[in-house]
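Okay, here's what each chain looks like letter by letter:
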Amino acid sequence: MRDLSQLPNLKIALVQTTLAWHDREANYAHFEEMIAQAGEVDLVILPEMFTTGFSMDSEQLAEPENGPTYKWLKAQAKKANAVITGSVIIQAADGSHRNRLLWARPDGEILHYDKRHLFRMAGEHKHYTPGERQVQFELKGWRIRPLICYDLRFPVWSRDAQDTDLLLYTANWPAARRLHWNRLLPARGIENLCFVAAVNRVGTDGKGFAYSGDSQVLDFQGESLLSAGEADGVFTVVLRAAELAAYRARFPANLDADTFELH
């Protein structure tokens with residue numbers, strides 16, 4: 001088991017805001033202002049499909065790998081001296097369309113995670129190709145695993161066998177199902193003995209669907225550390241590794257977890 005007690009604290013910023021429908025440049029300008037408001041942080045989390053809103057027009061909107069949003073994120077991460085992450089519509093090298101979370105580091109490297117569970121009630125499975133694998137990123141020694149929106153409903157995919165310290169969800173989760181969002185997020189923290197950070201949008205999209213926000217950060221017992229409610233803004237919180245280490249030491253439920261393989 002890793003010694004988490006020596007890890008530095010992690011300061012993260014959640015950006016909960018409206019999105020301009022199918023208007024990448026407008027969203028760039030808006031998020032540049034909001035990222036600047038975050039101040040000195042280690043990680044900035046943007047919503048799902050932050051350049052377009054949650055759209056099924058993948059053929060019209062998809063960007064190539066290393067396209068404009070890759071370049072924009074690199075510039076913003078360098079300027080903020082922080083990791084910046086959120087998902088966008090990407091046409092992968094194999095020609096498939098992906099709902100892809102990009103993890104932009106200040107040193108210019110960009111890693112990614114492709115959304116595994118596609119929201120069939122909106123037809124997402126007809127316009128995008130699902131991801132094939134879980135990924136884990138490292139930041140200041142912290143192990144961080146990203147997931148996207150509908151992934152939250154699937155505990156097997158969220159279940160951790162990799163000693164993850166922070167589960168990160170980026171979403172466009174509609175107000176009609178906010179109760180599910182607010183109940184499932186604490187469960188993920190409790191069952192995985194880790195912190196959870198989740199960013200949702202607010203406002204109404206181009207299809208007329210309303211979003212209630214509820215971006216939040218929870219600890220390993222499902223207790224709220226930050227709750228944005230329905231406000232539009234940038235919200236910051238500090239995660240303390242020593243607290244996570246102490247809890248895992250006195251309640252090591254992970255040692256009794258079932259083992260399984262994902263296919």
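Residues numbered from 1 in each chain as written. Predicted model: local features only at pLDDT ≥ 70, side-chain atom pairs only at ≥ 80, totals over all residues. Heavy atoms only, no water.

Mind laying out helix α3 (residues 68-80), listing which residues take part and the relevant values?
In a regular helix each residue adds 1.5 Å, so 13 residues correspond to 18 Å; α3 covers 18 Å between its end C-alpha atoms and thus fits that length. For α3, the set of buried residues is Thr-69, Tyr-70, Trp-72, Leu-73, Gln-76 and Ala-77. Projected onto a plane normal to the axis of α3, the buried residues spread over an arc of 165 degrees and lie on a single side. Seen from the buried face of α3, the exposed residues on the opposite side, beyond 90 degrees, are Lys-71, Lys-78 and Lys-79. Among the structural elements, α1 (24-37), β3 (63-64), β4 (83-91), β5 (97-104) and β6 (110-114) are those in contact with the buried residues of α3. Immediately beyond the C-terminal end of α3, within one or two residues, lies Asn-81, with a positive phi of roughly 55 degrees. (Helix = DSSP H or I, 4+ residues; strand = E, 2+ residues; numbered from the N terminus. Expected span 1.5 Å × (residues − 1). Buried < 20%, exposed > 50% of the residue type's maximum accessible area, 1.4 Å probe, protein only. Arc of directions from axis to C-beta. Contact = heavy atoms within 4.5 Å.)

Requested: an account of unusual backbone geometry, with residues and values cited.
Non-glycine residue His-22 carries a positive phi angle of around 55 degrees. Checked against the element boundaries, His-22 lands in the loop between β1 (10-16) and α1. Backbone geometry at Lys-140 places phi at a positive 55 degrees, although glycine is not the residue there. Relative to the helices and strands, Lys-140 resides in the loop between β7 (137-139) and β8 (142-148).

Lay out the sheet that holds strand β13 (residues 216-218) in plain terms, naming residues and giving numbers.
With mixed pairing, the six strands of this open sheet are ordered in space as β7-β8-β9-β10-β13-β14. A single partner strand is all that each edge strand has here, and the edge strands are β7 and β14 (224-227). Geometrically, the sheet is characterised by an average inter-axis angle of 20 degrees between neighbouring strands, direction not taken into account. Taken together, the five bridges between strand β9 (residues 166-170) and strand β10 (residues 195-199) define a ladder with parallel strand orientation. Within the sheet, the bridge partner assigned to Leu-167 lies in β10 and is Val-196. Against the sheet, helix α6 (residues 178-192) engages β9, β10 and β13, with an angle of about 155 degrees to β10. (Pairing = 2+ DSSP bridges. Axes fitted to C-alpha atoms, helices over the stretch in contact; angles between N-to-C directions.)

Could you give me a rundown of the environment of Val-217, with the residues and numbers involved?
Checked against the element boundaries, Val-217 lands in strand β13. Measuring from C-alpha to C-alpha, the distance between Val-217 and Gly-95 comes to 36 Å, with 122 residues separating the pair along the chain. Beyond its immediate sequence surroundings of up to four residues, Val-217 is in contact with Ile-12, Leu-14, Val-196, Ala-197, Glu-223, Ser-224, Leu-225, Leu-226, Val-237 and Leu-239.

A description of the pairing of β10 should follow, citing residues and the corresponding values.
Taken across its five residues, β10 has five buried, putting it largely inside the fold. Burial along β10 is two-sided: the residues Phe-195, Ala-197 and Val-199 and Val-196 and Ala-198 are all buried. Handedness of the crossover joining β9 and β10 through α6 is recorded here as right-handed. Taken together, the three bridges between β10 and β13 define a ladder with antiparallel strand orientation. By the bridge assignment, Ala-198 is partnered in β13 with Gln-216. (Right-handed = clockwise from strand over helix to strand, strands pointing away.)

Can you break down the nonpolar core residue by residue, with the values?
With 48 residues, the main nonpolar core has Ile-12, Leu-43, Ile-144 and Leu-239 as its most contacted residues. Element by element, the count of residues in this core is highest for β10, at five residues. For Leu-43, the contacting residues outside a window of four places in its chain are Lys-11, Ile-12, Ala-13, Ala-82, Val-83, Thr-85, Trp-103, Leu-139, Ile-144, Leu-166 and Leu-168. Grouped together as the second largest cluster of nonpolar side chains are 23 residues, Met-34, Val-41, Ala-77 and Leu-102 included. (Core = buried A, V, L, I, M, F, W, Y, C linked by side-chain atoms within 4.5 Å.)

So, the pairing of β5: which residues are in play, and what are the values?
Most of β5 is tucked away, with eight of its eight residues classed as buried. On β5, burial covers both faces: His-97, Asn-99, Leu-101 and Trp-103 on one face and Arg-98, Arg-100, Leu-102 and Ala-104 on the other are all buried. Relative to β5, β4 runs antiparallel, the two sharing eight bridges. Of the residues in β5, the one forming a bridge with Ile-89 is Asn-99. Connecting the antiparallel pair β4 and β5 is a turn made up of five residues, with Gly-95 showing a positive phi of about 90 degrees. Sheet topology note: the β5/β6 ladder contains five bridges and is antiparallel. Within the sheet, the bridge partner assigned to Leu-101 lies in β6 and is Tyr-113. Counted between consecutive antiparallel strands, the loop separating β5 from β6 contains five residues, among which Gly-108 sits at a positive phi close to 100 degrees.

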